[in-house]
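# A structural walkthrough
Residue-level listing of the chains:
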Amino acid sequence: MDVFEAIYNRHSQGKVKPGRLPRELIEKLLEAAVQAPNHYKVRPWRFVVLTGEGRDKLGEVMAASQQDRYPDLPPEAFDKARATPLRAPVLIAVGVDKPSESKVLEIENVCAAAAACENLLLAAYAMGLGAKWRTGEWARDAKVKEFLDFEADQHIIAFLYIGYPEFISEPPPRPSFEDRTVWIE
Ligand SMILES: Cc1cc2nc3c(=O)[nH]c(=O)nc-3n(C[C@H](O)[C@H](O)[C@H](O)COP(=O)(O)O)c2cc1C
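None of these values were measured; they are calculated from a predicted model.

One pair of aromatic rings is described through two measures. These are the centre distance and the angle between the planes. Across all of its chains, the model carries 1 aromatic pair by this definition. Positioned above the aromatic ring of Tyr161, the side-chain terminus of Arg87 is 4.8 Å from the ring centre.

Another aspect to go through is the sheet that holds strand 3 (residues 130–134). Pairing in this open sheet of 4 strands is antiparallel, and the strands run 1-2-4-3 from one edge to the other. Sheet topology places strand 1 (45–51) and strand 3 at the edges, where each strand pairs with a single neighbour. Across the sheet, the mean angle separating the axes of adjacent strands is 20 degrees when strand polarity is ignored. Relative to strand 2 (residues 90–96), strand 1 runs antiparallel, the two being bridged by 7 bridges. Paired with Phe47 across the bridge in strand 2 is Val94.

The subject of this paragraph is the site of the ligand. Taken together, Arg10, His11, Ser12, Lys132, Trp133, Arg134, Thr135, Gly136, Ile157 and Arg174 are the residues near the ligand. Taking Thr135, its main chain carries an N or O atom lying 2.9 Å from an oxygen atom of the ligand. Here the ligand, which alone exposes 610 Å², has 55% of that area covered by the protein. Broken down by element, the shell around the ligand gets its largest block of residues, 3 residues, from strand 3.

Here the focus is the nonpolar core. Leu29, Ile92, Leu120, Leu160 and Ile162 are the most contacted members of the largest nonpolar core, which totals 26 residues. Sorting the residues of this core by element identifies helix 2 (23–33), strand 2, helix 5 (106–126) and strand 4 (156–163) as the ones contributing at least two each. It is helix 5 that contributes the most residues to this core, 8 residues altogether. Formed by 17 residues, the second largest nonpolar core is a distinct cluster that contains Leu50, Leu91, Trp138 and Ala139.

Quick look at unusual backbone geometry now. Positive phi is not limited to glycine here, since Lys41 has a value of about 55 degrees. Looking at the secondary structure, you find Lys41 in the loop between helix 2 and strand 1. You can call Lys41 exposed: its relative accessible area is 73%. The phi dihedral of Arg43 is positive, around 45 degrees, even though this residue is not glycine. On the secondary structure map, Arg43 appears in the loop between helix 2 and strand 1. Given a relative accessible area of 57%, Arg43 falls into the exposed group.

Turning to helix 3 (residues 52–69), a few remarks are in order. Taking 1.5 Å per residue as the helical rise, helix 3 with its 18 residues ought to reach 26 Å, and the 27 Å between its terminal C-alpha atoms agrees with that figure. Among the residues of helix 3, Gly52, Gly54, Arg55, Leu58, Gly59, Val61, Met62, Ala63, Ser65 and Gln66 are the ones counted as buried. Packing partners of the buried residues in helix 3 comprise strand 1, helix 4 (79–83), strand 2 and helix 6 (142–147).

Parameters at a glance
- Residues numbered from 1 in each chain as written.
- Predicted model: local features only at pLDDT ≥ 70, side-chain atom pairs only at ≥ 80, totals over all residues.
- Heavy atoms only, no water.
- Phe/Tyr/Trp six-rings, centres within 6.5 Å; stacked < 30°, edge-to-face > 60°.
- Lys NZ or Arg CZ within 6 Å of the ring centre and 35° of its normal.
- Pairing = 2+ DSSP bridges.
- Helix = DSSP H or I, 4+ residues; strand = E, 2+ residues; numbered from the N terminus.
- Axes fitted to C-alpha atoms, helices over the stretch in contact; angles between N-to-C directions.
- Near = heavy atom within 4 Å.
- Polar contact = N/O pair within 3.5 Å; in protein donor to acceptor, adjacent residues only side chain to side chain.
- Areas by Shrake-Rupley, 256 points an atom, 1.4 Å probe, with all protein chains shown as cover.
- Core = buried A, V, L, I, M, F, W, Y, C linked by side-chain atoms within 4.5 Å.
- Buried < 20%, exposed > 50% of the residue type's maximum accessible area, 1.4 Å probe, protein only.
- Expected span 1.5 Å × (residues − 1).
- Contact = heavy atoms within 4.5 Å.

From the geometry alone we can't say anything about function, so treat these as descriptive.
Spelled out as C-alpha cells, the structure:
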C-alpha cells in the first residue's frame, strides 16, 4: 500500500473480532514500530504485548486497582474494568524509557515512542487490521504499571488495541492543516 493511502485512510477501529492473531503478524507490526526516528539512538520505546490469558491477568489487575479505590462497591461493579483488555485479541502497552544521561530529554523519548505507535498503526492498517490507540486512567495506574514492569514514574503513552475489524468503516473527515499552520517566507 502506498504510504499516502495508509496515512489518509488509517482510522481508529475500536470494534475488532476476537480471533487470535499469529505471532509473526504481531512481530511485523513491532518491526514497523521500531523504524521510528529517535534522538541519540536510544530506542526509548518499550512494548508489552498482551494476548490470550495475558489480557485476563491485566484485567484482574485493573479490577483490583479499582476495588482499592472504591472498596465499598459490590464485586460486580468491577467487571467492566476486568473486561477492559478483552476489547481486542492483541493489546500492546507502550511505555517510554526515562533518560539515562543528561543529554537525553524525556520529551524527545516520548516523541519517539509516539512516532513508533503511529508507525505501528499505519502498518496495521496496511495489513488489513483494525486498531485503536487508547490511554485513559489505566495508563497512569500504579498497579497497572507495576504489573507491566514499568516504573512508577515511567510514562505509558498507549494501549494499542489490535484485531481484524468487525466491519469495514470509512475514515472520518479531518480538518485541514491550514488553521494550524503559519508560513514564514
Ligand atoms: C496519546 C493518545 C491517547 C488517546 N487515548 C484515547 C482514549 O483513551 N480513548 C479514546 O477513545 N481515544 C483515545 N485517543 C484517540 C484515538 O486513538 C483516535 O486517534 C481519535 O479518536 C481520532 O480518530 P482516528 O484515529 O480515527 O483519526 C488517543 C489518542 C492519542 C494520540
